[in-house]
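# Chains, contacts and geometry: an overview
Each chain, letter by letter, is given below.
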Amino acid sequence: MGQIVTRKVKLFAGFGLLVTAFVWGFAFVVVKNSLDYVPPIYMLAFRFTIAGVMLSLVFIRRMRKINQKILLHGAIVGFFLFAAYLVQTIGCDYTTAGKNAFLTTVYVVVVPFLGWILKKRKPDRYCVISAFIAIAGIGLLTLEGDLSVNIGDILTLACGILFAFQIIYIDQYTETDDPVLIAVLQMVFAAVYSWIAALTAGGAFPVEAVQNSSVIISMLYLGLFSTMIAFLLQNVCQKYLKPATASLLMSTESVFGVLCSAIFLHEVMSGKMVIGCTLIFIAIVLNETKPGKNGFFAAFYPDAYMESAYVIDYDSLYQEGYRGIIFDIDNTLVPHGAPADERSIALFAHLKELGFRILLLSNNKEPRVKMFNDVVQAEYIHKANKPGAAGYLKAMEQMNCDADTTILIGDQLFTDVWGAKNAGIRNILVKPIHPKEEIQIVLKRVLERIVLHFYKKRVQTCMK
């Protein structure tokens, strides 16, 4: 019976953290909307004061059990909570709510390494791999065209590191301390730190804001739901779960944050940013999965991996019943930005003789795609937003083909191949023609090597 109860407790604890993540996700929208009326430090002072007072009243009898040790632990956790929210709230004023939500979850990758430093718990190789994936995802999400990084992005990354410290210390202190008391005290101390900062460096008190009904409702949401209830759930539920598991579940706030930002703030993310968010989420999931055993990377494996698009047996493909070919351009057929060359012209002529319909599917702007297509005379779709499936579906419609008669050939695993798999199309990954590539592609190549490592091991195992 004990084992059954334990499983039920873990299940409820996990559900509690998912609820917490949703409440936090919507809070990014509330914070973004409220920053026009309330300075960041005063916003923290309001939300932590509301949460601290309400928790103290609800658990007033429990407060009698406070001793010097628990008081100190509450002060430490409260400091990291205050500091994390301070840089996050300021950062939200300089970046989008969606990016703010995703970058905050970097704590999932940081937690195992902090555990190694503070508790001598060495992270396994999957933690290390996930760290590199997260770094690449963060690069795609934050780096601008000139490789600059928004100050809001830097502050949000700092927030993620501070949250990692908070998670580690909560895990350490709740082993012996009452998690409810830790939750109450961290709010009280966070409120104290916030008022000290507000009165010394926060500027004038926002009198007009406290007279605005919408701002009052926002502060009540942040104080009661996003702070009091959510952190009480975190402290109680985390007691029954491992830190890595807890951080994984709480990290889904990034998904809820992006969804809420898109729905309520109408924020739009570029294809590069979507890929960055996806990679960060992959890094998050890796902390709780074992790709070598469970085949986590199998979702990204190509159907075939060839040396070049020019060594594929297209005659056999036609005999197998394929009638439409979707090609990527840059580094699949020619070097990045190059016009059609003799090899590509000859290949397209041969494919047309066989009877193939050909379509160029590229994330590039139309001038680049049209420059190549003017020579080879195929069909094309520019700004395809790969790895989204919409471009592939539109391509099949233009070629009058379906998923059973279409094949994709491209050089990028997380763009070309993954998009084809999303659309249910057979795919062939080819090696890039030239090493010179844009910075966001270079970052993805590092991750591709990791996935291809596991892919090649699986292929070798199947051949034995």
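Refer to the preceding data block for the structure.
All of these numbers come straight from a predicted model, not from anything done at the bench. (Residues numbered from 1 in each chain as written. Predicted model: local features only at pLDDT ≥ 70, side-chain atom pairs only at ≥ 80, totals over all residues. Heavy atoms only, no water.)

Another point: the packing of helix H8 (residues 179-201) against helix H9 (residues 213-238). At their nearest, the axes of H8 and H9 sit 8 Å apart, and the two run at 140° to each other. The handedness of the crossing between H8 and H9 is right-handed. Every residue of H9 that contacts H8 at Pro179, Val180, Ile182, Ala183, Gln186 and Met187 is listed here: Thr227, Phe231, Leu232, Asn235 and Val236. Of the residues belonging to the contact of H8 with H9, the class tally is 8 nonpolar, 3 polar and no charged. (Axes fitted to C-alpha atoms, helices over the stretch in contact; angles between N-to-C directions. Helix = DSSP H or I, 4+ residues; strand = E, 2+ residues; numbered from the N terminus. Left-handed = near helix turned anticlockwise from the far one by under 90°. Contact = heavy atoms within 4.5 Å. Nonpolar A, V, L, I, M, F, W, Y, C, P; charged D, E, K, R; others polar.)

By the secondary structure assignment, Gln186 is in helix H8. As a C-alpha pair, Gln186 and Leu71 span 115 residues in sequence and 9.1 Å in three-dimensional space. In contact with Gln186, other than residues within four places in its own chain, are Gly74, Val77, Gly78, Leu81, Gln166, Ile170, Phe231 and Asn235. Reaching out from Gln186, the side chain makes a polar contact with the side chain of Gln166 at a distance of 3.3 Å. (Polar contact = N/O pair within 3.5 Å; in protein donor to acceptor, adjacent residues only side chain to side chain.)

Let us now look at the pattern of salt bridges. Per the counting criterion, the structure on display carries 9 salt bridges. When the shortest N-O distance is used, the salt bridge between Asp328 and Lys386 registers 3.1 Å. One end of the pair, Asp328, is in the loop between strand E2 (324-327) and helix H15 (342-354); the other, Lys386, is in the loop between strand E4 (379-381) and helix H17 (390-399), and 58 residues separate them in sequence. Assigned by exposure class, Asp328 and Lys386 land together as buried. A salt bridge links Lys386 to Asp416; its shortest N-O distance comes to 2.7 Å. A residue pair is termed long-range when its members are at least 10 positions apart, and Lys386 in the loop between E4 and H17 and Asp416 in helix H18 (residues 413-422) qualify at 30 residues. Under the relative-accessibility criterion, Asp416 is labelled buried at 1%. Sharing partners across several salt bridges, the network here consists of Asp328, Lys386 and Asp416. (Salt bridge = Lys/Arg side-chain N within 4 Å of Asp/Glu carboxyl O. Buried < 20%, exposed > 50% of the residue type's maximum accessible area, 1.4 Å probe, protein only.)

Secondary-structure assignment places Pro112 in helix H5 (residues 107-119). On the basis of relative accessible area, Pro112 is assigned to the buried category, the value being 14%. Spatially, the C-alpha atom of Pro112 lies 9.0 Å from that of Ala164, the residues being 52 residues apart in sequence.

So, on to the side chain of Asn427. Looking at the secondary structure, you find Asn427 in strand E6 (residues 426-430). For Asn427, the side chain forms a polar contact with the main-chain nitrogen of Asp303, separated by 2.9 Å. Discounting residues that sit within four places of it in the chain, Asn427 has contacts with Pro302, Asp303, Ala304, Ile407, Leu408, Val417, Ala420 and Lys421.

A few words on empty space enclosed by the protein. Scanning the model with the defined rule gives 1 cavity of 30 Å³ or more in all. Empty space within the largest cavity amounts to approximately 180 Å³. As for the largest cavity, its lining consists of 19 residues, and the residues nearest its centre are Trp24, Tyr85, Gln88, Phe163 and Glu253. For the lining of the largest cavity, the secondary structure elements donating two or more residues are helix H1 (2-34), helix H3 (68-92), helix H7 (151-173) and H9. Residue composition of the lining of the largest cavity, by class: 11 nonpolar, 6 polar and 2 charged. (1 Å grid on protein atoms, 1.4 Å probe; cavity = no way out; pocket = protein on both sides within 12 Å on 5 of 7 lines; lining within 4 Å. Points joined across faces, edges and corners; volume = space filled by probe spheres on them.)

Across all of its chains, the model carries 23 aromatic pairs by this definition. The interplanar angle of 50° and the centroid separation of 6.4 Å between the aromatic rings of Tyr314 and Phe327 together place this pair among those described as tilted. Taken together, the residues span a long stretch of sequence, with Tyr314 in helix H14 (residues 314-319) and Phe327 in strand E2 at a distance of 13 residues. In this pair, the class of Tyr314 matches that of Phe327, namely buried. The structure contains a cluster of three or more aromatic residues connected by ring pairs, namely Phe79, Phe80, Phe82, Phe165, Tyr169, Tyr173, Phe189 and Tyr193. The ring of Tyr318 carries Arg323 above its face, with NZ or CZ at 3.6 Å from the centroid. (Phe/Tyr/Trp six-rings, centres within 6.5 Å; stacked < 30°, edge-to-face > 60°. Lys NZ or Arg CZ within 6 Å of the ring centre and 35° of its normal.)

A cluster of nonpolar side chains, namely Val53, Met54 and Leu57, defines an oily patch on the protein surface of about 260 Å² accessible area. Relative to the helices and strands, Val53 resides in helix H2 (residues 40-58). (Patch = residues over 30% accessible without salt bridge, like charges linked within 9 Å, V, L, I, M, F, W, Y side chains within 5 Å. Areas by Shrake-Rupley, 256 points an atom, 1.4 Å probe, with all protein chains shown as cover.)

Quick look at the pairing of E6 now. Among the 5 residues that make up E6, 4 are buried, leaving the element largely enclosed by the rest of the structure. Of the strand pairs in this sheet, strand E1 (residues 304-306) and E6 are connected by 3 bridges, and their pairing is parallel. Residue pairing for E6: Met306 is matched across the bridge by Val430. Taken together, the 4 bridges between strand E5 (residues 406-410) and E6 define a ladder with parallel strand orientation. For Gly410, the partnering residue across the bridge sits in E6 and is Leu429. Crossover connection from E5 via H18 to parallel E6: handedness right-handed. (Pairing = 2+ DSSP bridges. Right-handed = clockwise from strand over helix to strand, strands pointing away.)

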